[in-house]
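# Results of the structural survey
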Amino acid sequence: MAETATRPSSMIQTIYGDFVRRLGGWISIADLIALMAQLDVDSSSVRSATSRLKKAGTLVQERGKGIGIGYRLAPAMEPIFDEGDRRIFDSLEPAALADGWVVAVFSVPESERAQRHQLRARLTWLGFGNAAPGVWLAPARLLPDARSTLERDGLSPYVHLFTSAYAGFAELRAAVADWWDFPAIEAQYAEFTDTYELLAGDLRREPAPGPVEAFREYVPLLTEWRRLPYLDPGLPTELLPADWNAVAARKLFVELHGLLAEPALRHVEQQTGQSRTS
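These lines cover the structure that appears in this document, whether it is placed above or below. (Residues numbered from 1 in each chain as written. Predicted model: local features only at pLDDT ≥ 70, side-chain atom pairs only at ≥ 80, totals over all residues. Heavy atoms only, no water.)

As a further point, take the overall build of the protein chain. Counting its secondary structure elements, the protein chain contains eleven helices and seven strands. Rg of the C-alpha trace for the protein chain: 20 Å, near the compact-globule value of 19 Å for 278 residues, within the 12% margin. For the protein chain, the spread of C-alpha atoms along the three principal axes comes to 65 × 50 × 30 Å. For the protein chain, the residues scored as buried account for 47% of the 278 residues in total. Restricting the contact set of the protein chain to residue pairs at least 6 apart, pairs at least 24 apart contribute 78%. Of the roughly 13700 Å² that the protein chain leaves accessible, carbon and sulfur atoms contribute 54%. (Helix = DSSP H or I, 4+ residues; strand = E, 2+ residues; numbered from the N terminus. Rg over C-alpha atoms; globule rule 2.2 N^0.38 Å. Buried < 20%, exposed > 50% of the residue type's maximum accessible area, 1.4 Å probe, protein only. Contact = heavy atoms within 4.5 Å. Areas by Shrake-Rupley, 256 points an atom, 1.4 Å probe, with all protein chains shown as cover.)

Moving on: the sheet that holds strand β4 (residues 101-106). In spatial order, the strands read β5-β6-β4-β7; together these four strands make up an open sheet with antiparallel pairing. Only two strands of the sheet have a single partner each, and these edge strands are β5 (129-132) and β7 (159-164). Neighbouring strand axes in the sheet, compared pairwise and without regard to direction, differ in orientation by 30° on average. As defined by bridge partners, β5 adjoins strand β6 (residues 135-139) across three bridges and the pair is classed as antiparallel. Across the sheet, asparagine 130 pairs through a bridge with tryptophan 136, a residue of β6. Lying on the sheet, helix α5 (residues 113-126) is in contact with β4, β6 and β7; it crosses β4 at an angle near 170°. Together, β4, β6 and β7 form the strand contacts of helix α6 (residues 143-152), whose direction differs from that of β7 by roughly 175°. (Pairing = 2+ DSSP bridges. Axes fitted to C-alpha atoms, helices over the stretch in contact; angles between N-to-C directions.)

Counted by the stated rule, this structure contains eleven aromatic pairs. Of the aromatic side chains, those joined through ring pairs into one cluster are Phe89, Phe182, Tyr189, Phe192, Tyr196, Trp225, Trp244 and Phe253. Looking at arginine 122, its charged tip hangs above the ring of tryptophan 125, at a distance of 4.7 Å from the centre. (Phe/Tyr/Trp six-rings, centres within 6.5 Å; stacked < 30°, edge-to-face > 60°. Lys NZ or Arg CZ within 6 Å of the ring centre and 35° of its normal.)

The next subject is the side chain of histidine 267. Within the secondary structure, histidine 267 sits in helix α11 (residues 246-272). Judged by its relative accessible area of 6%, histidine 267 falls in the buried class. Setting aside chain neighbours within four positions, we find histidine 267 in contact with Leu35, Gln38, Pro211, Val212 and Phe215.

The end-to-end C-alpha distance of helix α8 (residues 182-205) is 34 Å, a good match for the 34 Å that 24 residues give at a rise of 1.5 Å each. In α8, a bend of some 35° at tyrosine 196 exceeds every other bend along the element. Here α8 has its buried residues at Phe182, Ile185, Tyr189, Phe192, Thr193, Tyr196, Leu199, Ala200, Gly201 and Leu203. Looking at the packing, one finds that the buried side of α8 touches α7 (172-179), α9 (211-225), α10 (228-231) and α11. (Expected span 1.5 Å × (residues − 1). Bend = angle between axes of the 7 residues up to and from the residue.)

The next thing to look at is the pairing of β6. For β6, the buried fraction is high: four of the five residues fall into the buried class. As paired elements, β4 and β6 share five bridges and run antiparallel to each other. Within β6, the residue paired with valine 103 across the bridge is leucine 137. Between the antiparallel neighbours β5 and β6 lie two residues, among them glycine 134 with a positive phi of about 80°.

Looking at where serine 10 falls in the secondary structure, it is placed in helix α1 (residues 8-18). You can call serine 10 buried: its relative accessible area is 14%. When residues no more than four places from it in sequence are discounted, the contact partners of serine 10 are Thr223 and Arg226.

Here we come to the pattern of salt bridges. Scanning all chains against the criterion turns up 14 salt bridges. When the shortest N-O distance is used, the salt bridge between arginine 72 and glutamate 62 registers 2.9 Å. In this pair, arginine 72 is assigned in strand β3 (residues 69-73) and glutamate 62 in strand β2 (residues 59-63), connecting sequence segments ten residues apart. With a relative accessible area of 31%, glutamate 62 lands in the partly exposed category. Put simply, aspartate 145 and arginine 86 hold a salt bridge, and the shortest N to O gap is 2.7 Å. With aspartate 145 in helix α6 and arginine 86 in helix α4 (residues 78-90), the pair connects residues that are 59 residues apart, well separated along the chain. The exposure class assigned to aspartate 145 is buried, which follows from its relative accessible area of 7%. Residue classification places arginine 86 among the partly exposed residues on the basis of a relative accessible area of 37%. (Salt bridge = Lys/Arg side-chain N within 4 Å of Asp/Glu carboxyl O.)

No statement about biological role is implied by the geometric values presented.
Written out as structure tokens, the structure is:
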């Protein structure tokens, strides 16, 4: 398995997001422990992580029919995971410059500084760049996710959202390099590529991986990757450095996803005795 410092709670969320949701939405704690053991995570760490996820409102405990206690995603988490799927799998291509921008403008009273901090953190997480104090922007295709996230987090009363086109005066490519931290984003892509390009090379030379091997490789891979579309909003190619390393990283992810995702899902089906619902 490729080296990774992925936390158990993050891998559990990956298992729910990419597998369990497609197998009826529920998994017994015994099956979850067995799956996590194949990722070299011990049972006490799994129980601690599920307890934290339950407390955070991510998972809800539920007794299965004759097969003991398990967990399913909390209903409120379903739209969040749907948004995550769009960011991870549907936004691999850069945004089109002609589509314009979504602009978020906010002003938070000094007496509500906690909301100001939360707004900045949430906009950063969504992939917005900071153009000026209280002014954030991102490719226009992020508008639906921005709207739903800010409403869900109770932050919409503080924000005005606009769609716009850039009309001057600074050269836009230079301005964008100030609004986003390109070196930090590239460092994350480089780390991903360095971690997984050897795995890709091995898989190209060897027979197709079996379900267990695919699962062991795919869960850490997807867990690491799913952070990156939130750091990088998929800016238009015209505005990026010529050697932007996201292109190679995305190509690598797509290749590994194509090789590993299906057999990994088959393994979870076999482990749990459940069949996919779609």
